[in-house]
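Descriptive structure summary
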Amino acid sequence: GAVVSQHPSRVICKSGTSVKIECRSLDFQATTMFWYRQFPKKSLMLMATSNEGSKATYEQGVEKDKFLINHASLTLSTLTVTSAHPEDSSFYICSAKLAGGADTQYFGPGTRLTVL
Amino acid sequence: AQSVTQLDSHVSVSEGTPVLLRCNYSSSYSPSLFWYVQHPNKGLQLLLKYTSAATLVKGINGFEAEFKKSETSFHLTKPSAHMSDAAEYFCVVSEYGNKLVFGAGTILRVKS
C-alpha cells in the first residue's frame, strides 16, 4: 500500500516552454503532498507543501509564479514549471501523506526534467 | 530548528560484512526520525521510522536503527551487506508538522 506515482518519468523540453508534472497517490487519499527538487549529487530540497483545495505553501527562495502547484483532489497534485530554462533542469520528486495519518511521507519515483 | 548530519558521504563494505551508516540530529523537540533509501534514478523508499516508541527500530531488508537520545544519534545498521544494498541512504528528521529535513546522504558501495 501507500504507492505514489509520477508522470512523466522523464521529459525534455525547449527553453521557454512549460512542463506539467503529475503526482498521484494510487491507493490512498492524501490531504497533503510535497514537491522536492534534487540536484545532482545533492540531497532533497523541499520546494512547497500542497494541501488539497488550498494554495500551496512555498519555501523561501522558491518562485511561486515559476513553479505552479495545484492540488485539486485528494489523489492528485500537479507541478507546472513555467517558461522553463536550462537551470530548471533537475530531478523533481513528490511525496504524499496519508489523510489523518502520521508524518510519514511516501515518495514518488521522480521526474527527470531536462530543458534544452 | 532541526537539522541532520550524516557523518560519512561514502561508505564501502564487502558483501557479507556489516553496514554502519551514521546519523546525528539536532532537534528542539522529540523528533520523528526516518531512514530512506534511493537507488539510482529512483524515488525514495522508506526503510524505517522512529516515533518515540521502541528505541531499536527494525526496518525492511534487514536494516535497523537505534535511537540514542543522549548521543542525538540514529545510526543505521545491517548485519550482512548484500550487493542490492548499494544505493544512497538519507537520514531524515521531522518535528511536529509536515516538514522533513534531509541529511546530505551517504552513498553505500558494496564490493563483491
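Above this text is the structure in question.
How each quantity is defined
- Residues numbered from 1 in each chain as written.
- Chains lettered and ligands numbered in written order.
- Predicted model: local features only at pLDDT ≥ 70, side-chain atom pairs only at ≥ 80, totals over all residues.
- Heavy atoms only, no water.
- Helix = DSSP H or I, 4+ residues; strand = E, 2+ residues; numbered from the N terminus.
- Rg over C-alpha atoms; globule rule 2.2 N^0.38 Å.
- Contact = heavy atoms within 4.5 Å.
- Areas by Shrake-Rupley, 256 points an atom, 1.4 Å probe, with all protein chains shown as cover.
- Lys, Arg positive; Asp, Glu negative; His and termini not counted.
- Charge placed at Lys NZ, Arg CZ, Asp CG, Glu CD.
- 1 Å grid on protein atoms, 1.4 Å probe; cavity = no way out; pocket = protein on both sides within 12 Å on 5 of 7 lines; lining within 4 Å.
- Points joined across faces, edges and corners; volume = space filled by probe spheres on them.
- Nonpolar A, V, L, I, M, F, W, Y, C, P; charged D, E, K, R; others polar.
- Core = buried A, V, L, I, M, F, W, Y, C linked by side-chain atoms within 4.5 Å.
- Buried < 20%, exposed > 50% of the residue type's maximum accessible area, 1.4 Å probe, protein only.

Let's shift gears to the overall build of chain B. Helix and strand content of chain B: zero helices and twelve strands. Each helix and strand of chain B, ordered N terminal to C terminal, gives the series β-β-β-β-β-β-β-β-β-β-β-β. Relative to the compact-globule value of 13 Å for 112 residues, chain B shows a C-alpha radius of gyration of 13 Å, a close match. Overall size of chain B, expressed as C-alpha extent along the three principal axes, is 40 × 30 × 20 Å. Within chain B, contacts between residues separated by at least 24 positions form 55% of all contacts whose residues are at least 6 apart in sequence. Carbon together with sulfur atoms contributes 51% to the accessible area of chain B, which is approximately 5400 Å² in total. Side chains of chain B carry 10 positive and 8 negative charges; the gap between the two charge centres is 3 Å.

Residue and element names in this part refer to chain B. When its volume is computed, the largest pocket comes out at roughly 470 Å³. Its residues placed into classes, the lining of the largest pocket shows seven nonpolar, seven polar and four charged. Approximately 150 Å³ is the volume attributed to the second largest pocket. Every residue lining the second largest pocket is listed: Tyr25, Ser27, Ser28, Tyr29, Ser30, Pro31, Tyr50, Ser52, Phe67, Lys69 and Thr72. When its residues are assigned to classes, the lining of the second largest pocket shows five nonpolar, five polar and one charged.

Membership of the largest hydrophobic core comes to 27 residues, with the highest contact counts inside it found for Trp35, Leu48, Phe74, Leu76 and Tyr89 of chain B. Take this core: its biggest share by element is four residues, from strand E10 (residues 87–94) of chain B. Dropping the residues within four chain positions of it, Leu48 of chain B is found in contact with Leu33, Phe34, Trp35, Val57, Lys58, Gly59, Phe63, Glu64, Ala65, Phe74 and Leu76 of chain B. Among the nonpolar cores identified, the runner-up in size contains 25 residues, and Ala48, Ala56, Cys94 and Val115 of chain A belong to it.

Now for unusual backbone geometry. Going from His7 of chain A to Pro8 of chain A, the amide bond is cis rather than trans, its omega being 0°. Tracing the backbone shows Pro8 of chain A in the loop between strand E1 (4–7) and strand E2 (10–13). The backbone of Ser83 of chain A sits at a positive phi, close to 45°, despite the residue not being glycine. Tracing the backbone through its elements, the reader meets Ser83 of chain A in the loop between strand E8 (76–81) and strand E9 (90–97). Positive phi values are uncommon outside glycine, yet Thr72 of chain B reaches one of about 45°. With respect to the secondary-structure elements, Thr72 of chain B resides in the loop between strand E8 (64–68) and strand E9 (73–78).

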